[in-house]
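Listed here are the chains, written in short residue letters.
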Amino acid sequence: AQTVTQSQPEMSVQEAETVTLSCTYDTSENNYYLFWYKQPPSRQMILVIRQEAYKQQNATENRFSVNFQKAAKSFSLKISDSQLGDTAMYFCAFMRAGNNRKLIWGLGTSLAVNP
Amino acid sequence: NAGVTQTPKFRVLKTGQSMTLLCAQDMNHEYMYWYRQDPGMGLRLIHYSVGEGTTAKGEVPDGYNVSRLKKQNFLLGLESAAPSQTSVYFCASSFGNSGANVLTFGAGSRLTVL
């Protein structure tokens, strides 16, 4: 069975600095997708970034980028130039290719961006 | 474009009462899901639907029922609420059945069962 582990329950960063959130996963699958979702205090879950396992190039979305290490089964999220609005819970999630209902979630990392 | 809308946003029930949470999406998505989120347990899938008229059980279906009579609506029912069902419930939808079609979430419904 697939599992997703986020080893940092809480983190903090100063505004404008860079922070990296860790995520590891366990699977025997070769084709899959990885996601980072953000849940701000408003509660709504928002997709931050997505990575296809068959792509070697790390995904980037503006200030957000990932370090995808397939062999190590690691999928960390880097937030550059942190902003106060980045304060949120961040969830890492795994999904087998072609099976949307099997979205496996980590327990989340609470990130606080301090002014 | 409203996306995914959940009603109500908050509800307090007494043990044994029944209620229905409504999820509506205006994106013509085929797939819809109900999750619950509890502290320290992440998101857990309750039920899901792969199209109008279909439903299927997720990880934690006991105590819940669902219906998808219309493509845009996915209802989650609690027939006899229990304190263990106190949680935040999220509805989500997606266009298809691949990772390219990411989930769009509603804002959540906080349910308290006394």
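Check the entry above for the structure.
Note that the structure is predicted; figures quoted are calculated from it, not measured.

### With respect to the overall build of chain B
Reasoning step 1: Each helix and strand counted, chain B has zero helices and eleven strands in total.
Reasoning step 2: Traced from its N-terminal end to its C-terminal end, chain B shows the element sequence β-β-β-β-β-β-β-β-β-β-β.
Reasoning step 3: Principal-axis analysis of the C-alpha atoms gives chain B an extent of 40 × 30 × 25 Å.
Reasoning step 4: Going through the 114 residues of chain B one by one, you find that 47% of them count as buried.

### Digging into the side chain of Gln25(B)
Residue and element names in this part refer to chain B.
Reasoning step 1: Along the chain, Gln25 falls in strand β3 (residues 19–25).
Reasoning step 2: Residue Gln25 is classed as buried on the basis of its relative accessible area of 4%.
Reasoning step 3: Reaching out from Gln25, the side chain makes a polar contact with the backbone nitrogen of Met27 at a distance of 3.0 Å.
Reasoning step 4: A polar side-chain atom of Gln25 sits 3.2 Å from the main-chain amide nitrogen of Asn28.
Reasoning step 5: When residues no more than four places from it in sequence are discounted, the contact partners of Gln25 are Gly3, Val4, Met32, Arg68, Lys71, Gln72 and Ser93.

### Brief notes about the pairing of strand β6 (residues 46–52) of chain A
All names here are of chain A.
Reasoning step 1: Pairing of strand β5 (residues 32–39) with β6 involves six bridges; the strand directions are antiparallel. Counterpart to Trp36 in the pairing with β6 is Ile49.
Reasoning step 2: Hairpin connection between β5 and β6: a loop of six residues separates the two successive antiparallel strands, and Arg43 in this loop has a positive phi of roughly 90°.

### A look at the sheet that holds strand β7 (residues 65–67) of chain B
All names here are of chain B.
Reasoning step 1: Taken together, four strands build an open sheet; the order of strands is β1-β3-β8-β7 and the sheet is antiparallel. Since the sheet does not close on itself, it has two edges, and those belong to β1 (4–7) and β7, each with one partner. Going across the sheet, the axis of each strand differs from the next one's by a mean of 20°, ignoring polarity.
Reasoning step 2: Where β3 and strand β8 (residues 73–78) come together, six bridges link them in antiparallel fashion. Along β8, the bridge assignment pairs Thr20 with Gly77.

### Quick word on the interface of chain A and chain B
Reasoning step 1: With 20 residues of chain A at the interface, the matching set in chain B holds 28 residues.
Reasoning step 2: Counting the surface lost from both chain A and chain B, the interface buries some 1,900 Å², and carbon and sulfur atoms represent 53% of this.
Reasoning step 3: Applying the counting rule to chain A against chain B returns zero salt bridges.
Reasoning step 4: Joining chain A to chain B, the criterion identifies five residue pairs in polar contact (both at pLDDT 80 or more).
Reasoning step 5: Put simply, the parts of the chain that give the side of chain A that touches chain B at least two residues each are β5, β6, β10 (88–96) and β11 (103–105) of chain A.
Reasoning step 6: Broken down by element, the residue count for the side of chain A that touches chain B peaks at four residues, all from β5(A).
Reasoning step 7: In the side of chain A that touches chain B, the residues fall into ten nonpolar, seven polar and three charged.

Calculation rules
- Residues numbered from 1 in each chain as written.
- Chains lettered and ligands numbered in written order.
- Predicted model: local features only at pLDDT ≥ 70, side-chain atom pairs only at ≥ 80, totals over all residues.
- Heavy atoms only, no water.
- Helix = DSSP H or I, 4+ residues; strand = E, 2+ residues; numbered from the N terminus.
- Buried < 20%, exposed > 50% of the residue type's maximum accessible area, 1.4 Å probe, protein only.
- Polar contact = N/O pair within 3.5 Å; in protein donor to acceptor, adjacent residues only side chain to side chain.
- Contact = heavy atoms within 4.5 Å.
- Pairing = 2+ DSSP bridges.
- Axes fitted to C-alpha atoms, helices over the stretch in contact; angles between N-to-C directions.
- Buried area = accessible area lost by both parts, 1.4 Å probe.
- Salt bridge = Lys/Arg side-chain N within 4 Å of Asp/Glu carboxyl O.
- Nonpolar A, V, L, I, M, F, W, Y, C, P; charged D, E, K, R; others polar.

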